[in-house]
Amino acid sequence: MSASPIVKGFWDEQTGSWQYVFHDPDTMQGAIVDPVLDFDPMAASTGTTNADEILRYVRDAGIEIVWILDTHPHADHFSAGPYLKEKLGAPTAIGEKVVNVQKLWKDIYNLPDDFPTDGSQWDRLFADGEEFAVGEVPVRVMFSPGHTMASITYVAGDAAFVHDTLMMPDSGTSRADFPGGDSHALYRSLQAILALPDDTRLFVGHDYRPNGRDARCEATVAEHKAENIHLKGGASEADYVETRDKRDASLPLPKLMLAALQVNIRGGRLPEAENNGQSYLKIPLNRFA
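Novice: Explanation requested: the overall build of the chain in the structure shown.
Specialist: Along its length, the chain carries 7 helices and 15 strands. For the chain, whose C-alpha radius of gyration is 18 Å, the value lies close to the compact-globule estimate of 19 Å for 289 residues. Across its three principal axes, the chain shows a C-alpha extent of roughly 55 × 45 × 35 Å. Taking the contacts inside the chain whose residues are at least 6 apart along the sequence as the reference set, 66% of them involve residues at least 24 apart.

Here it is in structure tokens:
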């Protein structure tokens, strides 16, 4: 089987998010990971600029998309999964623990009793350790909680899509203070990722360009072991948790979190239109004061 997929990253400057297409160069089958649906919070309007860029790339390169993959319900951007499924016909998937995130945020948003919290908004829910293939590229699912209760990593040949666990080495790691987050669990997830072969290419979910450098998305396991500011030198769990929790206590909530989660627990769909045909977002006032 092909062990080295071709990976193309797409950076969304507005949210600092990385989206990916990876494909098997032999069969030209591929998958999309964590696509972004544009959202203008001032106008409360959505758009498809990011997703359309992915569509152009896929079509120009002749890639047959066989999966649209979410790593977790994101707090900083809307998912474009349903839009891309409509355009490409590929199934959507996420980790099976998404049901726990749905139940948590259903309560926070006080959604109706009939809001489904069974993950049925996606076509497939992956279990930890489950395997599938994209063309001849083997893909393994790793449960990677800590940032959220549902986070998973997709290990595709010698590439791993590690979402909001690691950042680039000069930024360290992702936060663990959202509802359902846990810095101890995140540390253990990071250790499992760093146990992959040293030459594994790790593709992160975000980059906020410290010191104004160009946006980057890729570093190897070996580079993170040697250079990641939160993990180099073999940081213990206690030391990591102290660093992570102190850092998280100083951070504001992501600007789009309260808007994004109610969309993303629906698999990237907007709330159902009300009797006037208009869809609305709910904001829980003072819940996170």
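The rest of the description comes next.
Novice: Explain the packing of helix 4 (residues 183-194) against helix 6 (residues 237-249) to me, please; I cannot follow it from the model alone.
Specialist: The relative placement of two packed helices comes down to the angle between their axes together with the axis-to-axis distance. For the pair helix 4 and helix 6, the least separation of the axes is 9 Å and the interaxial angle reads 125°. The pairing of helix 4 with helix 6 is recorded here as oblique in orientation. For the element pair helix 4 and helix 6, the recorded crossing hand is right-handed. Across from S183, H184, L186, Y187, R188 and L190 in helix 4, the residues of helix 6 making contact are E237, Y240, V241, R244 and D245. Residues that form the contact of helix 4 with helix 6 fall into these classes: 5 nonpolar, 2 polar and 4 charged.

Novice: I would appreciate a short explanation of the layout of surface pockets in the present structure.
Specialist: A water-sized probe, rolled over the atoms, reveals where empty space remains. In this model, the largest pocket occupies a volume close to 830 Å³. Lining the largest pocket we find 31 residues, and of these D76, M167, R175, Y208 and L251 sit closest to its centre. A breakdown of the residues in the lining of the largest pocket according to their chemical character gives 12 nonpolar, 9 polar and 10 charged. Computed from the structure, the second largest pocket encloses a volume of approximately 370 Å³. Around the second largest pocket, the lining is made up of 15 residues, and of these P112, F115, R266, P271 and E272 lie nearest the centre. Its residues placed into classes, the lining of the second largest pocket shows 7 nonpolar, 2 polar and 6 charged.

Thresholds applied
- Residues numbered from 1 in each chain as written.
- Predicted model: local features only at pLDDT ≥ 70, side-chain atom pairs only at ≥ 80, totals over all residues.
- Heavy atoms only, no water.
- Helix = DSSP H or I, 4+ residues; strand = E, 2+ residues; numbered from the N terminus.
- Rg over C-alpha atoms; globule rule 2.2 N^0.38 Å.
- Contact = heavy atoms within 4.5 Å.
- Axes fitted to C-alpha atoms, helices over the stretch in contact; angles between N-to-C directions.
- Parallel < 35°, antiparallel > 145°, perpendicular 65-115°, else oblique.
- Left-handed = near helix turned anticlockwise from the far one by under 90°.
- Nonpolar A, V, L, I, M, F, W, Y, C, P; charged D, E, K, R; others polar.
- 1 Å grid on protein atoms, 1.4 Å probe; cavity = no way out; pocket = protein on both sides within 12 Å on 5 of 7 lines; lining within 4 Å.
- Points joined across faces, edges and corners; volume = space filled by probe spheres on them.

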